[in-house]
Amino acid sequence: MMMMMIPTMRFVKFSALLLVLLFSLSACVEKTVSLKPLRITCVGDSITYGYKLPRPSKQCYPARLGRISNGNWNVLNSGVNGVTVLTNGDRPAIKTDEYKRALQSQPDVVVIMLGTNDLSDRNWKYIDEFVDDYRNIVNSFLELPTHPQVIVCSIPPIFGENQYGLNEHRVEEVNDLLKKNIIKGN
């Protein structure tokens, strides 16, 4: 004689709940998306490039950003030795191939660290144009189709005076301009 098991009401409710959960999970699995790596473009001068480092391509801060992300960020180094924010400066960043490459990189985030070379004696005479020229650089990235977040860095400290006229007083003055006019978005 064969015994037939009659499902209890509790078993039926549990089975129905299990089926609903399985269908829900399968719908979630079908709708999962793989996240692409964040594209970060670093625009700057020799500090970004990694000038005087034994292995700039491995030791510069953009390379280090890429390494610490464990593959979650694609970081492009668009640093160029000696470039200026100033369009009338001796080597304007906006006239370099690296700058053009940065604009074409479809960034999600742009880190800009420029201004140190603008402090030199040969460029200081144009310092009144600094804020407008910096805004133009920032806006050139903000207007990209990817609408990236733009991070503007202040100029790192300089201690004492060097042969090109760079000094801590000029750093302070230009960083104040950045804070009042660029970084706070005024």
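The present account deals with the structure reproduced in this document.

Parameters and conventions
Residues numbered from 1 in each chain as written. Predicted model: local features only at pLDDT ≥ 70, side-chain atom pairs only at ≥ 80, totals over all residues. Heavy atoms only, no water. Phe/Tyr/Trp six-rings, centres within 6.5 Å; stacked < 30°, edge-to-face > 60°. Helix = DSSP H or I, 4+ residues; strand = E, 2+ residues; numbered from the N terminus. Buried < 20%, exposed > 50% of the residue type's maximum accessible area, 1.4 Å probe, protein only. Patch = residues over 30% accessible without salt bridge, like charges linked within 9 Å, V, L, I, M, F, W, Y side chains within 5 Å. Areas by Shrake-Rupley, 256 points an atom, 1.4 Å probe, with all protein chains shown as cover. Salt bridge = Lys/Arg side-chain N within 4 Å of Asp/Glu carboxyl O. Arc of directions from axis to C-beta. Contact = heavy atoms within 4.5 Å. Disulfide = S-S within 2.5 Å.

Time to look at the packing of aromatic side chains. Inspection of the entire model under this criterion finds 2 aromatic pairs. An angle of 80° between the planes, with centres 5.7 Å apart, marks the rings of Tyr99 and Phe141 as edge-to-face. A residue pair is termed long-range when its members are at least 10 positions apart, and Tyr99 in helix 5 (residues 97–103) and Phe141 in helix 7 (residues 130–142) qualify at 42 residues. Its relative accessible area of 0% is what places Phe141 among the buried residues.

A cluster of nonpolar side chains, namely Leu38, Ile68 and Trp73, defines an oily patch on the protein surface of about 270 Å² accessible area. For Trp73, the location among the structural elements is in strand 2 (residues 73–79). When its relative accessible area of 31% is taken as the criterion, Trp73 is described as partly exposed.

Further remarks concern the pattern of salt bridges. Applying the stated criterion to the full structure yields 3 salt bridges. As a salt-bridge pair, Arg39 and Asp108 come within 3.5 Å of each other at their nearest N and O atoms. Linking Arg39 in strand 1 (residues 38–44) with Asp108 in the loop between helix 5 and strand 3 (109–113), this pair joins segments that are 69 residues apart in sequence. One salt bridge in this structure joins Arg170 and Asp121, with 3.0 Å as the shortest N-O distance. Here Arg170 is found in helix 8 (residues 168–183), whereas its partner Asp121 is found in helix 6 (residues 121–124), with 49 residues between them in sequence. Judged by its relative accessible area of 16%, Arg170 falls in the buried class. Accessibility expressed as a relative area gives 47% for Asp121, which makes it partly exposed.

Quick look at helix 4 (residues 61–68) now. An α-helical turn contains 3.6 residues, so any two residues separated by three or four positions project in the same direction. Three or more residues of helix 4 are buried, namely Pro62, Ala63 and Gly66. For helix 4, the arc enclosing every buried residue in end-on projection is 100°, short of the 170-degree limit, so these residues lie on one face. The inward-facing, buried residues of helix 4 contact strand 1, helix 2 (46–49), helix 3 (56–59) and strand 2. In the segment just after helix 4, Asn70 is the residue with positive phi, at about 55°.

Glancing now at the side chain of Ser120. As for its position among the elements, Ser120 is in the loop between strand 3 and helix 6. Judged by relative accessible area, Ser120 falls into the buried class, the value being 2%. Once residues within four sequence positions are removed from consideration, Ser120 is found in contact with Tyr164, Leu166 and Arg170.

Considering all chains together, one arrives at 0 disulfides under this definition. Free of any disulfide, Cys60 has its nearest cysteine sulfur in Cys42, 8.0 Å distant. Here Cys60 falls in the buried class, since its relative accessible area comes to 2%. Free cysteine: Cys153, not disulfide-bonded; nearest cysteine sulfur from Cys42 at 8.4 Å.

So, on to the environment of Leu144. Within the secondary structure layout, Leu144 lies in the loop between helix 7 and strand 4 (149–152). Spatially, the C-alpha atoms of Leu144 and Gln104 are 8.8 Å apart, while their sequence positions differ by 40 residues. Among residues more than four places away in sequence, those in contact with Leu144 are Leu103 and Pro107.

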